[in-house]
Amino acid sequence: MDFTHVEGDLAKTLITEDELHAKLEELARQIEDDYEGLDLLLVGVLRGAVMVMADLSRTLNRHIEMDWMAVSSYGSGTVSSGVVRILKDLDSDLTGRNVLIVEDIIDSGLTLSWLKANLESRGAASVEICTMLRKPDALKVQVDVKYCGFDIPNEFVIGYGLDYAEQYRNLRGIAVLAPHVYN
Ligand code: XMP
Ligand code: MG
């Protein structure tokens, strides 16, 4: 990984910055094709999706709008509670809009399946999901994901927006946190 000050906290690097950026180029070309001639509202889920949103939006060669939501399903721990609360709602009216939810990670899928249904109920023309990471072995509910960067093992990961207790979000790649940090 890139930051020597956290080396002892990381079990291993999972995805490098270069691999993340190469994947975003791929996803952006698909999104450009799929939404050709249509409006596109990117909805980022705070705070984890900040890096994905910043990089994906700048990789897209087309007009987009951006809005943000904050939801809570976790607290500061590492296990999903399944309880979703809106901490900050969108500013945009979704009526007739093509919405693409931009997420850092789908773990149990509980947050995203709830969020997708919630946004669909607001009269959007379409609601799709783009996530950088997904943990197939952790899924508890089925979620239709149109764009997925990487399927990863069922381990707690940090970096590129993902935190443990609000730390490590600024790592440029994605790493597995060493168990001694949270045990
Ligand atoms: P669910 O389980 O609802 O969770 O799909 C989605 C949200 O949980 C957080 N999450 C993680 N955060 N490392 C993190 O830093 C992880 O390995 C991890 N797994 C889930 C994340 O906030 C995501 O939006
Ligand atoms: Mg998060």
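Rules used in this analysis
- Residues numbered from 1 in each chain as written.
- Chains lettered and ligands numbered in written order.
- Predicted model: local features only at pLDDT ≥ 70, side-chain atom pairs only at ≥ 80, totals over all residues.
- Helix = DSSP H or I, 4+ residues; strand = E, 2+ residues; numbered from the N terminus.
- Rg over C-alpha atoms; globule rule 2.2 N^0.38 Å.
- Buried ≥ 20, exposed ≤ 12 C-beta atoms within 10 Å, placed from the backbone.
- Contact = placed C-beta atoms within 7 Å.
- Pairing = 2+ DSSP bridges.
- Axes fitted to C-alpha atoms, helices over the stretch in contact; angles between N-to-C directions.
- Parallel < 35°, antiparallel > 145°, perpendicular 65-115°, else oblique.
- Left-handed = near helix turned anticlockwise from the far one by under 90°.
- Nonpolar A, V, L, I, M, F, W, Y, C, P; charged D, E, K, R; others polar.
- Expected span 1.5 Å × (residues − 1).
- Arc of directions from axis to C-beta.
- Core = buried A, V, L, I, M, F, W, Y, C linked by C-beta atoms within 7 Å.
- pLDDT = per-residue confidence, 0-100.

Caption draft 1: The arrangement of the overall build of the chain in detail. Looking only at helices and strands, one finds four helices and nine strands in the chain. Across the chain, helices and strands are ordered from the amino to the carboxyl terminus as β-α-β-α-β-β-β-α-β-β-β-β-α. Taking 16 Å as the expected radius of gyration for a compact globule of 183 residues, we find that the chain reaches 16 Å, a close match to that expectation. Judged by the C-alpha coordinates and their principal axes, the chain covers about 50 × 35 × 25 Å. Evaluated residue by residue, the chain yields a buried proportion of 31% over its 183 residues. A sequence separation of at least 24 residues applies to 64% of the contacts in the chain between residues at least 6 apart.

Caption draft 2: Spotlight on the sheet that holds strand β1 (residues 10–15). If you walk across this open sheet you meet the three strands as β1-β9-β8, and the pairing is antiparallel. At either margin of the open sheet sits one strand with a lone partner, and together these are β1 and β8 (157–158).

Caption draft 3: Structural context of the packing of helix α1 (residues 17–34) against helix α2 (residues 50–59). With their axes 9 Å apart at the nearest point, α1 and α2 run at an angle of 55° to one another. As far as their axial angle goes, α2 and α1 are oblique. Once α1 is placed against α2, the crossing between them reads as right-handed. Where α1 approaches α2, its residues His21, Leu24, Glu25, Leu27 and Ala28 are matched on the opposing element by Asp55, Leu56 and Thr59. Its residues placed into classes, the contact of α1 with α2 shows four nonpolar, two polar and two charged.

Caption draft 4: Local environment of α2. The complete set of buried residues in α2 reads Met51, Val52, Met53 and Leu56. Along its buried surface, α2 packs onto α1, β2 (41–46), β3 (65–72), β5 (98–106) and β6 (126–134).

Caption draft 5: Expanded view of α1. For α1, which comprises 18 residues, the first-to-last C-alpha distance of 26 Å matches the rise-based estimate of 26 Å (1.5 Å per residue) to within 8%. Of the positions making up α1, those classed as buried are Leu20, Leu24, Leu27, Ala28 and Ile31. Angular distribution of buried residues about the axis of α1 spans 110°; they occupy a single face of the element. Away from its buried face by more than 90 degrees, α1 exposes Asp18, Ala22, Glu25, Glu26, Gln30 and Asp33.

Caption draft 6: Expanded view of unusual backbone geometry. Here the bond from leucine 46 into arginine 47 is cis, since omega is -5°, no more than 30 degrees from zero. Tracing the backbone shows arginine 47 in the loop between β2 and α2. For tyrosine 160, which is not a glycine, the phi torsion comes out positive at approximately 50°. Along the polypeptide, tyrosine 160 turns up in the loop between β8 and β9 (174–177).

Caption draft 7: Representation of the sheet that holds β6 within the structure. Taken in spatial order, the six strands make up an open sheet running β4-β3-β2-β5-β6-β7, and their pairing is mixed. This sheet does not close on itself; its edge strands, each paired only once, are β4 (85–88) and β7 (147–151). Here the strands of the sheet are splayed against their neighbours by 30° on average, with no regard to which way each runs. The pairing of β2 with β3 spans six bridges and is classified as parallel. Residue pairing for β3: leucine 42 is matched across the bridge by methionine 66.

Caption draft 8: Spotlight on the nonpolar core. In this structure, Val99, Leu100, Ile101, Val102, Val157 and Ala175 are the most contacted members of the largest nonpolar core, which totals 42 residues. Counting residues per element, this core draws most heavily on β5, which supplies six residues. In this structure, valine 102 is in contact with Leu42, Val43, Gly44, Ala49, Val52, Met53, Leu56 and Cys130, ignoring residues within four places of it in sequence.

Caption draft 9: Summary view of the confidence of the model for the chain. Taken residue by residue, the chain gives an average pLDDT of 93. The fraction at 70 or more is 94%. Scored as a complex, the prediction yields pTM 0.93 and ipTM 0.91.

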